[in-house]
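Residue strings, one per chain:
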Amino acid sequence: MLSPCTITYSLLSSSLKSSIAHNSLSLCKCIHAQIIKLGFLFHTNLVNPLVGFYSKSYCFEDTRKLFDEMPERNLISYSILISSHSRCKSPRLALKLVSELRREALEPNQFVFSGLVVASAKLDSVVVGKGIHAQVIVSGFESDVYVRTALIDMYSKFGDVGSAVSVFRQCLVEDVVMINSMVTGYVSFGSYEEALRLFGEVRRGSEFKVTESTFGGLIKACSELGRDVGEQLHGVILKTGFDSDCYVGTSLVDMYGNFGDVDCMKMVFLSVVCIDIALYNAMIVGCLKNGFDEFAVEYFCELRLRGLVPNDGTFSSLLKACGVLKSLELGRTTHGLVEKSSFLKDLVVNTALIDMYMKCGKVEEACTVFDRMRDRNTVSYNAMIYGHGQNENFLEAVSLFSDMNRRRLDIDHVTFVVLLSSCLGHEWSVYAHAIKYGYGSDLMVRSALLDTLIKRGATDEALDLFSKMKINNVVSWTTIISGMSHLGLHLEALNLFRTMISSSITPNSFTFSAVLKACGSLPSLEQGRCIHACSIKLGVMDDEFTDSALLDMYSKCGILEDGRKLFEKLSNKDVVSWNTMIAGYAQHGYGHEALKLYDRMEAHGFSPNNVTFVSLLSACSRCGLVETGKQLFELMSSKHGISPSMEHYACMVDMFGRAGMLDRAKQFITDMPYPADALVWTVFLSSCKLHGDVELAQLAKNHVLRMQNEDNPTLVLMSSLYSETGKWIDAEKVRNGIQPGIKGKEPGLSWIQISEEATCRKMDNG
């Protein structure tokens, strides 16, 4: 007959097993209370499963307390606690437990050694890790699969590929967990081809059964090796039936997001059976990465409709989308959801809130979020500094930097990058601090300094700094090339690009975009074609930035047929590409083609913006389509809700003026909702000169000179008009008022010809 004590022990044991099987923490805590109440803490075999469950449930404090309460402990008790400390934030305690274990005359087993190896990896201590490995060999556990897997993972984290491969190759048993660990190790080393080769070996050589974990590291490797390899692995995944697995699907979404293929992301997303928050987060991040911010917002709304609970990754990604879109209303709504969630005090989410408010221009609200944060780190300070810089609050940015010093926070190279972008005109004093902190030679910091100098227009300083930079990468080269092009120094940009090509640095899409802009601005068709060929040779093509720059270059050079062919081939046309093509037709007098393209643009669901209407009104002006221009001007506000800018009014004045309707143009200026600026009056003056109307020209001249004092181009126009109408005395008077230094064009040559010839000479001599 069983004793009451035995029956009670049996009931407690079966109840505990059932609670653990159902993953019920609350029931386990109730049983824990009964164990204490009934005095069963001395039954080590009963308490050990409870210790293990607390550890797996990440209740590390409860794990330690229960361990300390145990009157007797065995090797299993120690192995559970060591594993617990290794996984949480106290790996040093795991290592200290070894001496305690030996005092109780207990020898470590494979589970203890696995935990100790993990602790060494967490501490990033090569010396301790190799010491543990030596003990493993002496104790005879080197052939154990669990220990080997932990050792492979440890050496992978140390970056010691030789030791990791050596441990792996010594094992005759092909365990799936160990193979996954080796694949992950290869990926962490950047040995992507070796990771795929290992996968191929084990699939051919045995009855190795892949799991969802197998594909995680492999998909990451494919993301680095390219689309072709990624699609091949995707085919293997389809054959093995893991395409519906959520973990694999999430990894595939990440991969296609890196490839810029949003359609394939959607296809993978729809093939997954059980969708979780991680998959939605991957979709949101992928959409954001590829500029589809509206889709990111849609996926967030969808996950909430499905009843999924957003986590810190979801909120931070969505807030990033709100910042990019400058959607303050949605950002505030998301902030409201954060306030009601468990992430109100989360550091990452609060930093994302700061970034969103700063990008939306709401500095006070960003400061409110920052001020209420109890815990702040370098990233949150960097976000505030960058935000103040973008909103031209230099003193506040410097004050935050000083506060970081007072709080003794780690100041990294990113701090100086954002600080340099925040202090136009004070960049050298900031750079002096960067030198003091040891970041003076950091490439990112120097590139930021270069960018700041260019933005300030300090061309000589920027070129001097760039020439003294012993090491350059694609970022610094692109910065100087795009900077020169932006400042109108297009020949310098082309020469720099030529030097870059002769170096070992490969240009990216942003580099090609900058140098093609220079070709279009010169314009230099021959060089543009050469650079186009170079982009194809280097494989930098079918990229939105390069395609847009090519389209702009061909349009500005007047090669509209080539531009149109490129435009029609674009798989992802956006408003910018439509505007570029419309502007090209407008600039070269093909007004009817520009209008047809506008109709197609609307038919394809693209809404025109203010840039579109500048090009359209310019097209109507050059082709004499006055009535069409008037209708388009009215449609801007009535249909599309776009308030006309001064540039739009100038286009309308030009349109009336070219058509000889000078009185109508003058009346249009009078009827403007705000006073016309010098641009509008200069356009009107040009029209008066075109039609020889001296009286109205004098009116326009007086307005321009009142705004710009002695404006040489205006005086030149008036002098020319007086000469053409035979008013030689007036022409002489005006000519005498022209300030010295203005240069006329060389007779018989257009500025286009001069620039083209100069470009060819420099590129040939370079």
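See the structure shown above.
Overview of the structure. Please read these numbers as outputs of a predicted model, since none were measured by experiment. (Residues numbered from 1 in each chain as written. Predicted model: local features only at pLDDT ≥ 70, side-chain atom pairs only at ≥ 80, totals over all residues. Heavy atoms only, no water.)

**Some thoughts on the overall build of the chain**
Inference 1: Counting secondary structure elements, the chain contains 45 helices and 0 strands.
Inference 2: Out of the 766 residues belonging to the chain, those deemed buried represent 46%.
Inference 3: For the chain, contacts bridging at least 24 residues in sequence account for 60% of all contacts bridging at least 6.
Inference 4: As presented, the chain carries roughly 38,400 Å² of accessible surface, and 54% of it is formed by carbon and sulfur atoms. (Helix = DSSP H or I, 4+ residues; strand = E, 2+ residues; numbered from the N terminus. Buried < 20%, exposed > 50% of the residue type's maximum accessible area, 1.4 Å probe, protein only. Contact = heavy atoms within 4.5 Å. Areas by Shrake-Rupley, 256 points an atom, 1.4 Å probe, with all protein chains shown as cover.)

**Examining the packing of helix α24 (residues 394-406) against helix α25 (residues 413-421)**
Inference 1: With their axes 10 Å apart at the nearest point, α24 and α25 run at an angle of 160 degrees to one another. Comparing their axes, α25 and α24 come out roughly antiparallel. You can see that α24 and α25 cross each other, and the crossing is left-handed. Here α24 contributes Ala397, Phe401 and Met404 to the contact with α25, which in turn contributes Thr415, Phe416 and Leu419.
Inference 2: Split by residue class, the contact of α24 with α25 holds 5 nonpolar, 1 polar and no charged. (Axes fitted to C-alpha atoms, helices over the stretch in contact; angles between N-to-C directions. Parallel < 35°, antiparallel > 145°, perpendicular 65-115°, else oblique. Left-handed = near helix turned anticlockwise from the far one by under 90°. Nonpolar A, V, L, I, M, F, W, Y, C, P; charged D, E, K, R; others polar.)

**Points about the pattern of salt bridges**
Close approach of charged atoms lets side chains of opposite charge pair.
Inference 1: Here the structure, examined in full by the defined rule, presents 22 salt bridges.
Inference 2: Residues Lys157 and Asp153 are paired through a salt bridge, measuring 2.7 Å at the closest nitrogen-oxygen approach. Here Asp153 and Lys157 lie together in helix α9 (residues 145-158), a separation of 4 residues that amounts to about one turn.
Inference 3: Its relative accessible area of 52% is what places Lys157 among the exposed residues. (Salt bridge = Lys/Arg side-chain N within 4 Å of Asp/Glu carboxyl O.)

**Some thoughts on the environment of Phe684**
Inference 1: Mapping Phe684 onto the fold places it in helix α41 (residues 678-691).
Inference 2: Sequence-wise, Phe684 and Gly657 are 27 residues apart; in three dimensions their C-alpha atoms are separated by 6.6 Å.
Inference 3: For Phe684, the residues in contact, after removing those within four places along its chain, are Val653, Leu662, Ala665, Lys666, Ile669, Leu696 and Ala700.

**Regarding unusual backbone geometry**
Inference 1: Non-glycine residue Lys326 carries a positive phi angle of around 55 degrees.
Inference 2: Structurally, Lys326 is set in the loop between α19 (312-325) and α20 (328-340).
Inference 3: In this structure, Glu392 takes a positive phi of about 60 degrees despite not being glycine.
Inference 4: Among the structural elements, Glu392 can be located in the loop between α23 (378-390) and α24.
Inference 5: Classification of Glu392 as exposed rests on a relative accessible area of 76%.

**Re helix α17 (residues 277-289)**
Inference 1: Taking 1.5 Å per residue, 13 residues should reach 18 Å; α17 reaches 18 Å between its end C-alpha atoms and fits that length.
Inference 2: For α17, a buried count of 10 out of 13 residues is recorded, marking the element as mostly surrounded by other parts of the structure.
Inference 3: Burial in α17 covers these residues: Ile277, Leu279, Tyr280, Asn281, Ala282, Met283, Ile284, Gly286, Cys287 and Leu288.
Inference 4: Looking one or two residues beyond α17, the residue adopting positive phi is Gly291, at roughly 85 degrees. (Expected span 1.5 Å × (residues − 1).)

**Thoughts on the nonpolar core**
Inference 1: Counting residues in each nonpolar core, the largest one holds 201 residues, and the members touching the most others are Phe215, Ile354, Ile480, Ile481 and Phe684.
Inference 2: With sequence-adjacent residues up to four places away left out, Phe215 is seen in contact with Phe199, Val210, Leu233, Val236, Ile237, Thr240, Phe242 and Val248. (Core = buried A, V, L, I, M, F, W, Y, C linked by side-chain atoms within 4.5 Å.)

**Considering the packing of aromatic side chains**
Inference 1: Here the structure, examined in full by the defined rule, presents 30 aromatic pairs.
Inference 2: Ring centres 6.4 Å apart and planes at 55 degrees place the aromatic pair Phe300 and Phe315 in the tilted group. Here Phe300, found in helix α18 (residues 293-305), pairs with Phe315, found in helix α19; they are 15 residues apart in sequence, far enough to count as distant.
Inference 3: Among the residues examined, Phe300 registers a relative accessible area of 4% and is labelled buried.
Inference 4: Given the relative accessible area of 2%, Phe315 is considered buried.
Inference 5: Ring pairing ties together the aromatic residues Phe633, Tyr649, Phe656, Phe668 and Tyr674, which thus form one cluster.
Inference 6: Positioned above the aromatic ring of Phe370 is the side chain of Arg376, whose terminal nitrogen or guanidinium carbon lies 4.2 Å from the ring centre.
Inference 7: Stacked on the ring of Phe567, the Lys or Arg Lys573 has its end atom at 5.2 Å from the ring centre. (Phe/Tyr/Trp six-rings, centres within 6.5 Å; stacked < 30°, edge-to-face > 60°. Lys NZ or Arg CZ within 6 Å of the ring centre and 35° of its normal.)

**A word on the side chain of Ser316**
Inference 1: With respect to the helices and strands, Ser316 occurs in helix α19.
Inference 2: Exposure remark for Ser316: the relative accessible area of 18% places this residue in the buried category.
Inference 3: A distance of 3.1 Å separates the side chain of Ser316 from the backbone oxygen of Gly313, its partner in a polar contact.
Inference 4: Apart from the residues within four sequence positions on either side, Ser316 is in contact with Val348 and Ala352. (Polar contact = N/O pair within 3.5 Å; in protein donor to acceptor, adjacent residues only side chain to side chain.)

**Points about the packing of helix α35 (residues 575-587) against helix α37 (residues 610-623)**
Inference 1: Look at α35 against α37: their axes get within 8 Å of each other, and the N-to-C directions meet at 20 degrees. One element, α35, and the other, α37, form an angle in the roughly parallel class. As α35 runs across α37, the sense of the crossing is left-handed. Residue-level inspection shows Asn579, Ile582, Ala583, Ala586 and Gln587 of α35 in contact with α37, the latter providing Val611, Thr612, Ser615, Leu616, Ala619 and Arg622.
Inference 2: When grouped by side-chain class, the residues that make up the contact of α35 with α37 number 6 nonpolar, 4 polar and 1 charged.

**Concerning helix α28 (residues 459-468)**
Residues lying three or four places apart along an α-helix face the same way, a consequence of the helix completing one turn every 3.6 residues.
Inference 1: Restricting attention to buried positions, one finds in α28 the residues Thr459, Ala462, Leu465 and Phe466. Down the axis, α28 shows its buried residues gathered within 135 degrees of arc, on one side only. Along α28, the residues that are exposed and aim more than 90 degrees away from the buried face are Asp460, Ser467 and Lys468.
Inference 2: Looking at the buried positions of α28, the neighbouring elements they touch are α27 (443-455), α29 (474-486) and α30 (490-502). (Arc of directions from axis to C-beta.)

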